Amino acid sequence: MAADFEKISKNFDITGEYVSCERYGEGHINDTYKLTVQCEGKPVHYVLQRINHRLFKNVEGLMRNIALVTDFCRKSVLARGGDPMRECLTLIRTKDGRNYWTDGENYYRVYVFIEDATSYQIVHDPKDFYESAVAFGNFATLLAGFDASQLYEVLPDFHNTKVRFENFLRAVKQDSFGRNAEVLKEIDWVIDHKDLCGKIVDKIASGEIPLRVTHNDTKLNNVMIDNATGKGIAVIDLDTVMPGSLCYDFGDSIRFGCNSAAEDEPDLKKVHFRLDLYETYLRGYLSAVGESLTKTERENLPMGAVLMTYECGMRFLTDFLEGDVYFRTHRPRQNLDRAHTQFKLVDEMLQVFDKMQDMAMR
Ligand code: ADP
Ligand code: GN1
Ligand code: MG
């Protein structure tokens, strides 16, 4: 049955007459809608999301994290004289003061819509990518002041590449949808690169790389770029704020933004790793967090990029083998196309890895 968005929106502390609620954005996880209400003769927009509770089993814990992080960001933005309605996510509470609403089956939340800003799916202008790096870097600096012990670990082992590899092997072993046969080369490729898995998790385990409060999903479309100034104004999609490594946050941005084509481009001839954009992002990120990185973190930024791309490709392939149940797909084999782009990017990153490392240490 189609959701009654008018009824759902009435549970939130929103003033105005319901106008419409339409599918919005290109996130792979939650169902996102742009909600419009008419207030004092003007349209006002909100983001309404149906939370993916198959993935986020403890919605209460997830939303407590988001309330804590958004409240913390709001105070910091106010302290620097900024506009919290545009410079951070603002959660709209329900009429009875809760931070989400459920009909017993689905779970919903509402955010203020950040107007006059864009979340890009691909880098069109290197300046935007630079500004996204500054925004993610500043966000990391901001979170450094946040008490990690308050946070519930929403998705344990989220970037534990060794655990991701075990999950992948399990999917191959089960072959529940009989899809192994058509991806034997891809399966071999993942196994051939198995040695990558421990490169950062082992250093976190030994204490060489510190755990910090990180975003964990730092792709370009999770930052809003101001249409007028071109600045990265707000970091969004806070579902995965958890203890993690800055090498991963850096790496995930590189994975997504340094692809010359879309994440799911079926024509691999169009897919290349753009070292020029890597350097652009690196410069922006270091300008924001350079001072606080340890030497080992800095040395491992390039490996973070390789690992995030390897891990994400492996996750896409795992999802393809498991029948496309995790990442939203709009067409058959989309997850396989996504896996292919990631594997090609890893191959190309490894070819220029020395250069990536020189740039990071320069
Ligand atoms: P997912 O977890 O599925 O990726 P996101 O929270 O990233 O969901 O939202 C999906 C998309 O919706 C974002 O990439 C962005 O384009 C848009 N979006 C999300 N929150 C806002 C907001 N507060 N204002 C404007 N656009 C938003
Ligand atoms: C998902 O939610 P979204 O679309 O920003 C995923 C990330 C992947 C990314 C691949 C919670 O991000 O981990 O890197 O897709 N988020 C979750 O594009 O699994
Ligand atoms: Mg997102």
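Structure: see above.
The text that follows walks through the structure, step by step, so that each part is easy to find. All values derive from a computational prediction rather than experimental measurement.

Quick notes on the rules
- Residues numbered from 1 in each chain as written.
- Chains lettered and ligands numbered in written order.
- Predicted model: local features only at pLDDT ≥ 70, side-chain atom pairs only at ≥ 80, totals over all residues.
- Heavy atoms only, no water.
- Donors = N, O, S within 2.8 Å, 3.2 Å for Na, K, Ca; no water.
- Helix = DSSP H or I, 4+ residues; strand = E, 2+ residues; numbered from the N terminus.
- Buried < 20%, exposed > 50% of the residue type's maximum accessible area, 1.4 Å probe, protein only.
- Expected span 1.5 Å × (residues − 1).
- Pairing = 2+ DSSP bridges.
- Disulfide = S-S within 2.5 Å.
- Near = heavy atom within 4 Å.
- Polar contact = N/O pair within 3.5 Å; in protein donor to acceptor, adjacent residues only side chain to side chain.
- Areas by Shrake-Rupley, 256 points an atom, 1.4 Å probe, with all protein chains shown as cover.
- Nonpolar A, V, L, I, M, F, W, Y, C, P; charged D, E, K, R; others polar.
- Core = buried A, V, L, I, M, F, W, Y, C linked by side-chain atoms within 4.5 Å.

**Looking at the coordination of the magnesium ion (ligand 3)**
Right, so step 1: Within the protein, the magnesium ion (ligand 3) binds to N222 (OD1) and D237 (OD); these donor distances fall in the range 2.2 to 2.3 Å. Of this pair, N222 sits in the loop between β8 (212–214) and β9 (223–226) while D237 sits in the loop between β10 (232–235) and β11 (242–244), placing them 15 residues apart in sequence.
Right, so step 2: The buried category is assigned to N222, whose relative accessible area is 5%.

**Here we look at helix α9 (residues 275–289)**
What sets the pattern is the α-helix's 3.6 residues per turn: residues three or four places apart point alike.
Right, so step 1: Its 15 residues place the ends of α9 20 Å apart at the C-alpha level, agreeing with the 21 Å of an ideal helix rising 1.5 Å per residue.
Right, so step 2: Looking only at α9, the buried set comprises L275, L277, Y278, Y281, L282, G284, Y285, L286 and V289.

**Focus on the sheet that holds β9**
Right, so step 1: Read across the open sheet, the 3 strands follow the order β7-β9-β10; overall the sheet is antiparallel. This sheet does not close on itself; its edge strands, each paired only once, are β7 (117–118) and β10.
Right, so step 2: Here 2 bridges tie β7 to β9, and the two strands are oriented antiparallel to one another. Paired with T118 across the bridge in β9 is I225.

**Comments concerning the state of the cysteines**
Right, so step 1: One pass over the structure, following the stated rule, counts 0 disulfides.
Right, so step 2: Counting only cysteine sulfurs, C312 is the nearest neighbor of C197, a cysteine outside any disulfide, at a range of 14 Å.

**Here we look at the site of ligand 2**
Right, so step 1: As a matter of local geometry, ligand 2 sits amid 16 residues, with H28, K219, E263, R315 and Y326 nearest to it.
Right, so step 2: D217 places a side-chain nitrogen or oxygen 3.0 Å from an oxygen atom of ligand 2.
Right, so step 3: Within the complex, the protein chains bury 98% of what would otherwise be the 440 Å² of accessible surface of ligand 2.
Right, so step 4: Here the shell around ligand 2 gets 3 residues from one element, more than from any other, and that element is helix α11 (residues 301–321).
Right, so step 5: Residues belonging to the shell around ligand 2 are distributed by class as follows: 6 nonpolar, 4 polar and 6 charged.

**Comments concerning the nonpolar core**
Right, so step 1: Counting residues in each nonpolar core, the largest one holds 103 residues, and the members touching the most others are F273, Y278 and Y310.
Right, so step 2: The element best represented in this core is α11, accounting for 13 residues.
Right, so step 3: Ranked by size, the runner-up nonpolar core spans 14 residues in total, among them Y33, V37, L48 and V110.

**Remarks on the site of ligand 1**
Right, so step 1: Within the structure, ligand 1 sits among 19 residues, and N30, Q49, I114, S119 and N221 are positioned closest to it.
Right, so step 2: Backbone polar atom of I29 to an oxygen atom of ligand 1: 3.1 Å apart, as the coordinates give it.
Right, so step 3: Interatomic distance of 3.0 Å between a side-chain N/O atom of N222 and an oxygen atom of ligand 1.
Right, so step 4: Protein coverage of the free-state accessible area of ligand 1, which is 550 Å², stands at 96%.
Right, so step 5: In the shell around ligand 1, the residues fall into 9 nonpolar, 8 polar and 2 charged.

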